[in-house]
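Okay, here's what each chain looks like letter by letter:
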Amino acid sequence: MEATTEDIIAPVIVQDANTKEVLMLGYMNKHAYYQTLQTNELALYNRSTEQTETFGSSCGHKLEAKEFYTNSKTDSILIKVITAGNICENCKECYFKNENLGYAGFVKS
């Protein structure tokens, strides 16, 4: 069975447009990509629930998509965002943290 464009899930690096800080790694399918383009609010594909979700929709901490970039093979995406609203604890859990992980599964420090 051959994959169609509906089946493709691309990794998305989300970066703060102002500070250049990398906030998170997420995933997009075709629906999430076009929803983000139409609304300018970051929508990501949740691989666990297999649903498209607007980031921060439950708490009001939305991420406004400002710039889109792809690599040369167009199999990954970088989206620069502007944060809007207060960051709730659930949203903070999505962001990368600067922690000394030591041995984390397959990564050795």
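Residues numbered from 1 in each chain as written. Predicted model: local features only at pLDDT ≥ 70, side-chain atom pairs only at ≥ 80, totals over all residues. Heavy atoms only, no water.

1. Brief notes about the overall build of the protein
Across its full length, the protein holds 2 helices and 6 strands. Of the regular secondary structure in the protein, the N- to C-terminal order runs β-β-α-β-β-β-β-α. Taken across its 109 residues, the protein has 28% of its residues classed as buried. In the protein, once contacts between residues fewer than 6 apart in sequence are set aside, the share between residues at least 24 apart is 38%. For the protein, the exposed area adds up to about 7700 Å²; of that, 49% sits on carbon and sulfur atoms. (Helix = DSSP H or I, 4+ residues; strand = E, 2+ residues; numbered from the N terminus. Buried < 20%, exposed > 50% of the residue type's maximum accessible area, 1.4 Å probe, protein only. Contact = heavy atoms within 4.5 Å. Areas by Shrake-Rupley, 256 points an atom, 1.4 Å probe, with all protein chains shown as cover.)

2. Things to note about helix H1 (residues 30–39)
Owing to its 3.6 residues per turn, the α-helix brings residues three or four apart onto one side. Inspection of H1 places Ala32, Gln35 and Thr36 among the buried residues, and these make up the whole buried set. Here the buried residues of H1 occupy an arc of 100° about the axis, which is enough to place them on one side. (Arc of directions from axis to C-beta.)

3. Some points on the nonpolar core
If you look at the biggest cluster of nonpolar residues, it comprises 16 residues, and the most contacted ones within it are Val14, Met28, Leu42, Leu63 and Ile79. Secondary structure elements with two or more residues in this core: strand E1 (10–16), strand E2 (22–28), strand E3 (43–46), strand E5 (62–70) and strand E6 (77–84). Ile79 has contacts with Val12, Ile13, Val14, Gln15, Met28, Leu42, Ala65, Glu67 and Phe68, leaving out every residue within four places of it along the chain. (Core = buried A, V, L, I, M, F, W, Y, C linked by side-chain atoms within 4.5 Å.)

4. With respect to the confidence of the model for the protein
Low pLDDT means the predicted atomic positions in that stretch should not be read closely. A residue-level look at the protein finds 69% of positions with pLDDT of 70 or above and a mean pLDDT of 79. For the protein, per-element mean pLDDT is lowest for helix H2 (residues 89–92), which scores 53, and highest for H1, which scores 94. (pLDDT = per-residue confidence, 0-100.)

5. Quick word on the sheet that holds E5
Judged by pairing direction, the sheet is mixed, and its 4 strands sit side by side in the order E2-E1-E6-E5 without closing on themselves. Both edges of this open sheet fall to E2 and E5, since each of them pairs with a single strand only. Strand-to-strand twist in this sheet, taken as the mean axis angle between neighbours without regard to direction, amounts to 30°. Both E1 and E2 contribute to a ladder of 6 bridges, which runs antiparallel. Paired with Ala10 across the strands is Met28, a residue of E2. (Pairing = 2+ DSSP bridges. Axes fitted to C-alpha atoms, helices over the stretch in contact; angles between N-to-C directions.)

6. Some words on the pairing of E1
Most of E1 sits out of view: 5 of its 7 residues are buried. Examined bridge by bridge, E1 and E6 share 5 bridges and lie parallel to one another. Residue pairing in the sheet places Val12 in a bridge with Ile77 of E6.

7. What to know about the pattern of salt bridges
What the rule picks out here adds up to 2 salt bridges. Among the ionic pairs, Glu41 bridges to Lys62, the shortest N-O distance being 3.4 Å. Here Glu41, found in the loop between H1 and E3, pairs with Lys62, found in strand E5; they are 21 residues apart in sequence, far enough to count as distant. Judged by its relative accessible area of 29%, Glu41 falls in the partly exposed class. (Salt bridge = Lys/Arg side-chain N within 4 Å of Asp/Glu carboxyl O.)

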